Amino acid sequence: MERIVKAFFNSAAGLAHAVRYELAVRQEVVVLAIALPASFFVTESWWKRLALIGVILLVLMVELLNTAIEALSDHVTPDRHPHIRIVKDLGSAAVFTALTLAGLTWLLALAERLV
């Protein structure tokens with residue numbers, strides 16, 4: 001149980017750091033805060049609400065991983081390096097893919113609501 005408690009506090013510290021220092025994370029937290037109540041207007045189904053909120057959480061998760069990759073890459077070499085650039089671009093592509101999934105999910109849910 002002690003390990004779980006420590007892991008929780010480590011996770012909370014990481015999230016707090018990301019919110020404090022990463023603009024993209026702050027933006028996604030704001031989107032999550034808007035998406036939570038908005039999901040109640042978009043659908044009456046609890047499963048669809050879970051999907052709508054879940055894709056936003058997925059974007060946040062991928063953004064946190066991308067932030068960690070970028071921080072580690074900068075620590076390894078603060079200089080521009082072609083291999084590090086590829087690593088950072090791949091992290092960015094992962095965020096873009098998650099954002100695309102979230103956007104399509106919300107568009108589909110909104111279209112279903114309006115039809």
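Residues numbered from 1 in each chain as written. Predicted model: local features only at pLDDT ≥ 70, side-chain atom pairs only at ≥ 80, totals over all residues. Heavy atoms only, no water.

Peer 1: Run through the nonpolar core, naming residues and quoting values.
Peer 2: Grouped together as the largest cluster of nonpolar side chains are 14 residues, with contacts concentrated most on A35, V42, L52, I56, A102 and W106. Of all the secondary structure elements, the ones that give two or more residues to this core are α2 (23-42), α3 (46-76) and α4 (82-114). Looking at this core element by element, the count peaks at 6 residues for α3. The residues contacting W106, other than those within four sequence positions of it, are A35, A38, S39, V42, L52, V55 and I56. (Core = buried A, V, L, I, M, F, W, Y, C linked by side-chain atoms within 4.5 Å. Buried < 20%, exposed > 50% of the residue type's maximum accessible area, 1.4 Å probe, protein only. Helix = DSSP H or I, 4+ residues; strand = E, 2+ residues; numbered from the N terminus. Contact = heavy atoms within 4.5 Å.)

Peer 1: Go over the pattern of salt bridges, please, and point to the residues and values.
Peer 2: On inspection of all chains with the given rule, the structure shows 4 salt bridges. The salt bridge involving K6 is made with E2; its shortest N-O contact spans 3.2 Å. In this pair, K6 and E2 are both assigned in helix α1 (residues 2-21), 4 residues apart and thus about one turn of the helix distant. Overall, E2 belongs to the exposed group, its relative accessible area being 56%. In this structure, D74 and K88 form a salt bridge, with 2.5 Å as the shortest nitrogen-oxygen distance. Within this pair, whereas D74 is found in helix α3, its partner K88 is found in helix α4, the two being separated by 14 residues in sequence. (Salt bridge = Lys/Arg side-chain N within 4 Å of Asp/Glu carboxyl O.)

Peer 1: Describe the environment of S73, with residues and values.
Peer 2: Counting through the fold element by element, S73 comes out in helix α3. For S73 and F9, which are 64 residues apart along the polypeptide, the C-alpha to C-alpha distance reads 25 Å. Apart from residues lying up to four places away in sequence, S73 is in contact with I84, V87 and K88. Here I69 takes part through its backbone oxygen, which lies 2.8 Å from a polar atom of the side chain of S73. (Polar contact = N/O pair within 3.5 Å; in protein donor to acceptor, adjacent residues only side chain to side chain.)

Peer 1: Explain a nonpolar patch on the surface residue by residue, including any values.
Peer 2: Together, M1, I4, V5, F8 and F9 give the surface a local cluster of nonpolar side chains, amounting to about 580 Å² of exposed area. With respect to the element layout, F9 can be found in helix α1. (Patch = residues over 30% accessible without salt bridge, like charges linked within 9 Å, V, L, I, M, F, W, Y side chains within 5 Å. Areas by Shrake-Rupley, 256 points an atom, 1.4 Å probe, with all protein chains shown as cover.)

Peer 1: So what's going on with the side chain of T105? Residues and values would help.
Peer 2: Mapped onto the elements, T105 comes out in helix α4. A distance of 2.7 Å separates a polar side-chain atom of T105 from the backbone oxygen of L101. If we skip the residues at most four places from it in the chain, T105 touches A51, L52 and V55.

Peer 1: Tell me about the packing of aromatic side chains, residues and numbers included.
Peer 2: Evaluated as defined, the whole model comprises 2 aromatic pairs. Here F8 and F9 contribute two aromatic rings whose centre-to-centre distance is 5.3 Å and whose plane-to-plane angle is 75 degrees, an arrangement assigned as edge-to-face. Of the residues examined, F9 reaches a relative accessible area of 53% and is grouped as exposed. Considering the side-chain rings of F40 and W46, the 5.7 Å spacing of their centres and the 90 degrees angle between planes classify their relative orientation as edge-to-face. According to the relative accessible area criterion, F40 is partly exposed, its value standing at 46%. Its relative accessible area of 64% is what places W46 among the exposed residues. A cation over a ring is seen here: R49 above W46, with NZ or CZ 4.7 Å from the ring centre. (Phe/Tyr/Trp six-rings, centres within 6.5 Å; stacked < 30°, edge-to-face > 60°. Lys NZ or Arg CZ within 6 Å of the ring centre and 35° of its normal.)

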